[in-house]
Amino acid sequence: MASNPYEVEHNIKAPTNPPHRRRPDMSSFTSHLHTISRDAGSTTTSTHHAGPTPVDAAALFSMVQEQMATLANSAPSDTNRDFLVSLIDMLRSDVDNPPDEIKGVTQEYLDTLERVPKKSLKDDSCPICAEKYMDDPYPLVVELPCHGSHRFDLECVGPWLQSKGTCPLCRKDLTEKKKAPVIVEDDEEDDMDGLYG
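Residues numbered from 1 in each chain as written. Predicted model: local features only at pLDDT ≥ 70, side-chain atom pairs only at ≥ 80, totals over all residues. Heavy atoms only, no water.

Under an unreviewed UniProt entry, the name given to the chain is RING-type domain-containing protein, and the organism recorded is Pestalotiopsis fici.

Structure follows, in structure tokens:
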């Protein structure tokens with residue numbers, strides 16, 4: 001492999017295996033989602049609409065489906081291919097019958113997902129792209145709140161979460177707000193009655 005002049009001048013060696021070769025490029029998805037989503041911080045009210053058109057919604061799901069299909073075509077194992085095909089099948093129903101609204105999570109939700117420290121990653125790989133986390137010098141791995149072992153590269157799981165709003169593994173709805181635990185307080189008078197009989 002011939003080095004380019006910049007690499008020679010700065011004594012940079014090109015990596016033999018470029019990192020993230022299987023990660024999906026979802027820049028078009030992100031741009032389209034931003035275009036069709038209601039922007040809570042927007043000050044414009046004249047063009048505010050109730051939600052995306054069916055064509056816009058179908059296009060969004062189709063983008064995710066195409067990226068999953070690309071990954072499935074070069075899947076390193078049958079397990080990875082089968083998992084990706086199951087995601088593709090779920091997306092197919094949304095492409096064929098687009099919902100009235102995109103039920104995915106917000107960018108703010110993605111920003112608050114628990115990051116997994118590199119020291120606790122071991123030899124695991126992302127269920128979507130099937131790349132080992134430790135092959136990335138700066139892995140950005142998130143753990144979904146549904147289960148402690150449901151971990152993904154944020155780049156891989158982000159588009160699925162923003163479009164579907166469910167965990168790709170267990171299908172738990174992650175758009176539901178966490179419910180505060182109900183605390184039952186003992187009535188002090190009842191306790192007093194019990195003491196003095």
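The next point concerns helix α3 (residues 54-73). Along an α-helix, residues three or four positions apart point the same way, because every turn accommodates 3.6 residues. With 20 residues, α3 extends 28 Å from end C-alpha to end C-alpha; this agrees with the ideal 28 Å at 1.5 Å per step. Taken together, the buried residues of α3 touch α2 (27-36), α4 (78-96) and α6 (154-163). (Helix = DSSP H or I, 4+ residues; strand = E, 2+ residues; numbered from the N terminus. Expected span 1.5 Å × (residues − 1). Contact = heavy atoms within 4.5 Å.)

Among the structural elements, L71 can be located in helix α3. Residue classification places L71 among the buried residues on the basis of a relative accessible area of 4%. L71 sits 10 residues away from R81 along the chain, and the two C-alpha atoms are 8.0 Å apart. (Buried < 20%, exposed > 50% of the residue type's maximum accessible area, 1.4 Å probe, protein only.)

The subject of this paragraph is the sheet that holds strand β1 (residues 114-115). Reading across from one edge, β1-β2-β3 is the order of the three strands in this open sheet, with antiparallel pairing throughout. With one partner strand each, in any of the chains shown, β1 and β3 (151-153) form the two edges of the open sheet. Strands β1, β2 (141-143) and β3 of the sheet are contacted by α6, whose axis makes an angle of about 100 degrees with β3. (Pairing = 2+ DSSP bridges. Axes fitted to C-alpha atoms, helices over the stretch in contact; angles between N-to-C directions.)

Orientation of α3 relative to α4, taken along the N-to-C sense of each, is 160 degrees, at an axis distance of 9 Å. Judged on the interaxial angle alone, α4 and α3 are roughly antiparallel. Regarding α3 and α4, the two cross each other, and that crossing is left-handed. Taken together, the residues of α4 that come into contact with α3 (itself represented by A58, F61, S62, V64, Q65, M68, A69, L71 and A72) are R81, L84, L87, I88, L91, R92, D94 and V95. Considered class by class, the residues forming the contact of α3 with α4 number 12 nonpolar, two polar and three charged. (Parallel < 35°, antiparallel > 145°, perpendicular 65-115°, else oblique. Left-handed = near helix turned anticlockwise from the far one by under 90°. Nonpolar A, V, L, I, M, F, W, Y, C, P; charged D, E, K, R; others polar.)

This brings us to the nonpolar core. Nonpolar side chains tend to gather and get buried jointly when the protein is soluble and globular. Judged by nonpolar contacts, the single largest core of 38 residues is most densely connected at M68, L84, L113, C126, I128, L144 and L161. For this core, the secondary-structure elements that each account for two or more residues are α2, α3, α4, β2 and α6. Tallying contributions element by element places α3 first for this core, with seven residues. Split by domain, the residues of this core number at least three in each of domain 1 (53-100) and domain 2 (107-164). (Core = buried A, V, L, I, M, F, W, Y, C linked by side-chain atoms within 4.5 Å. Domains from an automatic or database assignment.)

Below, the discussion takes up unusual backbone geometry. What is expected of a backbone is that most residues other than glycine have negative phi and most peptide bonds are trans. Unlike most non-glycine residues, K122 shows phi in positive territory, near 55 degrees. In this structure, K122 sits in the loop between β1 and β2. Under the relative-accessibility criterion, K122 is labelled exposed at 65%. A positive phi angle, close to 65 degrees, is found at A130, a residue other than glycine. Along the chain, the position of A130 falls in the loop between β1 and β2.

The next thing to look at is the environment of L33. As for its position among the elements, L33 is in helix α2. Each C-alpha atom, one on L33 and one on L60, is 6.9 Å from the other, the two residues being 27 residues apart in sequence. Leaving out residues up to four positions away in the same chain, L33 has contacts with L60 and Q162.

This brings us to the side chain of Q162. Along the chain, the position of Q162 falls in helix α6. Here Q107 takes part through its side chain, which lies 3.5 Å from a polar atom of the side chain of Q162. Not counting the four nearest positions on each side in its chain, Q162 is found in contact with F29, L33, I102, G104, V105, T106, Q107 and L110. (Polar contact = N/O pair within 3.5 Å; in protein donor to acceptor, adjacent residues only side chain to side chain.)

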